[in-house]
Amino acid sequence: MRLQLPLPERYTDATPDELEARIHAARTTLGERLFILGHHYQRDEVMRWADARGDSFRLSVLAQEHPEAEYIVFCGVHFMAESADILTGDHQSVILPDLNAGCSMADMADLEEVEEAWETLARTTDISRVIPITYMNSSAALKAFVGEHGGAVCTSSNAAAVLRWALSLGDRADDGAGGTKVLFFPDQHLGRNTGFDLGFTAEDMRIWNPRAEHGGLTDADITDATFLLWRGHCSVHQRFRPEHIEQFRASHPDGIVITHPECAHEVCELADQVGSTDAIIRAVEAAPVGSVIGVGTEIHLVNRLDAETPDKTVVSLDPLVCPCSTMFRIDAVHLCWVLENLIEDRVVNRITVDPTTARWAKVALDRMLSIT
Ligand code: 13P
Ligand code: SF4
């Protein structure tokens, strides 16, 4: 279990102005040795210091592209920092400012449960035809499992390409044992939305419930399914409902609706566009001046898009949406604390992945990077 200890008072009692001056000074002292990455869901008080912003795919590429940086301070959540550690050199340290910044969706699948599912599937179907695909939002241990079993990682910006690749690995002719299958974890919604995008139907999909015997499925369910979708979800994105889109359209008949693919399928099918956080930003940029755009994703990105796009109005589809509580843990206080420690040559909150896990997880990440 990760545990972030309370910080000293000279951090917790500092005013926003003091923190700003101290972060600025630390950043200047560390210069090129430091590279700060910020995920789009970060607070503005953190994001303003990021050398680069991105979605989870872009951030993993960016981490790799800066071998000169000794310290990569990752303003995001734990699985992103783990991936950055796997993709960067041994001379680099990846730092997560608050160790409690996890992801509740990533925690919905653990290695033991996935191994159990795999063994059950192996007793029911030709396991050589099952390709495991894990969403980036998963532990390094799961990425390693996937790498070792012939699968790949995907993110919300490349899930379609990765699933197409997975399905092309075996011949899909059904000889009674079923064609190629994908075991997709941990986000059922990204798996389902992508499956529909590729032309599959609900008939081709089954939910794998890790809490139920045999995943809650019959042998026939497993044989018939092309997609076995892990029963996991993002609590932030699952809050968006079709009624939110109906209300938005009633108020803004010419408005544009964009949702993240972690939203439920019945929400995404009502949207004009569906995409990762980077894709949402591009869609807002491309919208005509004067547009009113309703967005289904985390509130910090929605508010930043509205502030940074003064000629358009960007609103959350759910007026009561909550922030992602774990992304929210990273604040100026923790950022200042890690940077001031680095000046003293103390690396606090370093995220490391053990070499065996890292080796196989890198196989799965490299497969993703070569597919996309
Ligand atoms: P992106 O891949 O769009 O950055 O999404 C990451 C995430 O955690 C969304 O909840
Ligand atoms: Fe995890 Fe959802 Fe937060 Fe993304 S928004 S980090 S999926 S809990």
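Residues numbered from 1 in each chain as written. Chains lettered and ligands numbered in written order. Predicted model: local features only at pLDDT ≥ 70, side-chain atom pairs only at ≥ 80, totals over all residues. Heavy atoms only, no water.

A.B. asks: Looking at this model, I keep getting lost on helix α5 (residues 78-87). Mind explaining?
C.D. replies: The buried fraction of α5 is high, at 10 of 10 residues. Within the span of α5, buried status applies to His78, Phe79, Met80, Ala81, Glu82, Ser83, Ala84, Asp85, Ile86 and Leu87. For α5, the elements touching its buried residues are β1 (34-39), α4 (56-64), β3 (71-75), β4 (93-95), α7 (140-148) and α16 (355-371). (Buried < 20%, exposed > 50% of the residue type's maximum accessible area, 1.4 Å probe, protein only. Helix = DSSP H or I, 4+ residues; strand = E, 2+ residues; numbered from the N terminus. Contact = heavy atoms within 4.5 Å.)

A.B. asks: Explain the site of ligand 1 to me, please; I cannot follow it from the model alone.
C.D. replies: His39, Tyr41, Asp55, Ser56, Tyr135, Asn137, Ser156, His237, His260, Glu262, Ser276 and Thr277 make up every residue found near ligand 1. Here an oxygen atom of ligand 1 and a side-chain polar atom of Ser156 are 2.9 Å apart. In the complex, 96% of the free accessible area of ligand 1, which totals 310 Å², lies under the protein chains. When atom positions are compared with the pocket grids, ligand 1 is found to occupy the largest pocket. For the shell around ligand 1, the per-class residue count stands at 2 nonpolar, 8 polar and 2 charged. (Near = heavy atom within 4 Å. Polar contact = N/O pair within 3.5 Å; in protein donor to acceptor, adjacent residues only side chain to side chain. Areas by Shrake-Rupley, 256 points an atom, 1.4 Å probe, with all protein chains shown as cover. 1 Å grid on protein atoms, 1.4 Å probe; cavity = no way out; pocket = protein on both sides within 12 Å on 5 of 7 lines; lining within 4 Å. Sits in = over half its atoms within 2 Å of the grid points. Nonpolar A, V, L, I, M, F, W, Y, C, P; charged D, E, K, R; others polar.)

A.B. asks: Whenever I open this one, unusual backbone geometry confuses me. Can you help?
C.D. replies: Outside of glycine, negative phi angles account for most residues, and trans bonds account for most peptide bonds. The omega torsion of the bond from Phe185 to Pro186 falls at -5 degrees, within 30 degrees of zero and hence cis. Looking at the secondary structure, you find Pro186 in the loop between β7 (181-185) and α9 (188-197). Here the phi dihedral of Asn349 falls at roughly 60 degrees; this positive angle occurs in a residue that is not glycine. Inspection of the secondary structure assignment puts Asn349 in the loop between α15 (332-343) and α16. Using a relative accessible area of 12% as the deciding quantity, one classes Asn349 as buried.

A.B. asks: What should I look at first to understand the sheet that holds β7 in this one?
C.D. replies: Backbone hydrogen bonds hold the strands of a sheet together, and the pairing may be parallel or antiparallel. The sheet built from 5 strands is open, its strands ordered β6-β5-β7-β9-β8 with parallel pairing. Lying at the two open borders of the sheet, with one neighbouring strand each, are β6 (152-154) and β8 (205-208). Pairs of neighbouring strands in the sheet enclose a mean axial angle of 25 degrees, with direction left out of account. Here β8 runs beside strand β9 (residues 227-230); their pairing, made up of 4 bridges, is parallel. Bridge pairing links Met205 to Phe227 in β9. (Pairing = 2+ DSSP bridges. Axes fitted to C-alpha atoms, helices over the stretch in contact; angles between N-to-C directions.)

A.B. asks: It is not clear to me how the site of ligand 2 should be interpreted in this structure. Could you clarify?
C.D. replies: Every residue close to ligand 2 is listed here: Tyr41, Cys103, Ser104, Met105, Asn137, Cys234, Glu262 and Cys324. Using a 2 Å cut-off from the grid points, one finds that ligand 2 occupies the largest pocket. Of the residues belonging to the shell around ligand 2, the class tally is 5 nonpolar, 2 polar and 1 charged.

A.B. asks: Would you explain the nonpolar core in this entry?
C.D. replies: Nonpolar side chains in soluble globular proteins tend to be buried together. Judged by nonpolar contacts, the single largest core of 123 residues is most densely connected at Leu37, Val73, Ile133 and Leu339. In terms of residues, this core owes the most to one element, α15, which gives 8 residues. Every residue in contact with Leu339, bar those within four places of it in the chain, is listed here: Ile23, Ala26, Leu30, Leu34, Ile36 and Val73. (Core = buried A, V, L, I, M, F, W, Y, C linked by side-chain atoms within 4.5 Å.)

A.B. asks: Can you help me understand a negative patch on the surface in this one?
C.D. replies: On the surface, a cluster of negative charge is contributed by Asp107, Asp110, Glu112, Glu115, Glu116, Glu119, Glu148 and Glu213. The element best represented in the negative patch is helix α6 (residues 111-124), accounting for 4 residues. Tracing the backbone through its elements, the reader meets Glu119 in helix α6. Using a relative accessible area of 49% as the deciding quantity, one classes Glu119 as partly exposed. (Patch = residues over 30% accessible without salt bridge, like charges linked within 9 Å, V, L, I, M, F, W, Y side chains within 5 Å. Salt bridge = Lys/Arg side-chain N within 4 Å of Asp/Glu carboxyl O. Lys, Arg positive; Asp, Glu negative; His and termini not counted. Charge placed at Lys NZ, Arg CZ, Asp CG, Glu CD.)

A.B. asks: Honestly, the pairing of β7 in this entry has me stumped. Any pointers?
C.D. replies: When a strand is regular, its side chains alternate between the sheet's two faces. Among the 5 residues that make up β7, 5 are buried, leaving the element largely enclosed by the rest of the structure. Taking every second residue as pointing to the same face, both faces of β7 are buried, with Lys181, Leu183 and Phe185 on one and Val182 and Phe184 on the other. Of the pairings in the sheet, the one linking strand β5 (residues 130-135) to β7 comprises 5 bridges and is parallel in character. Of the residues in β7, the one forming a bridge with Val130 is Lys181. When β7 meets β9, the two strands line up parallel, connected through 3 bridges. Following the sheet pairing, Val182 is matched in β9 by Phe227.

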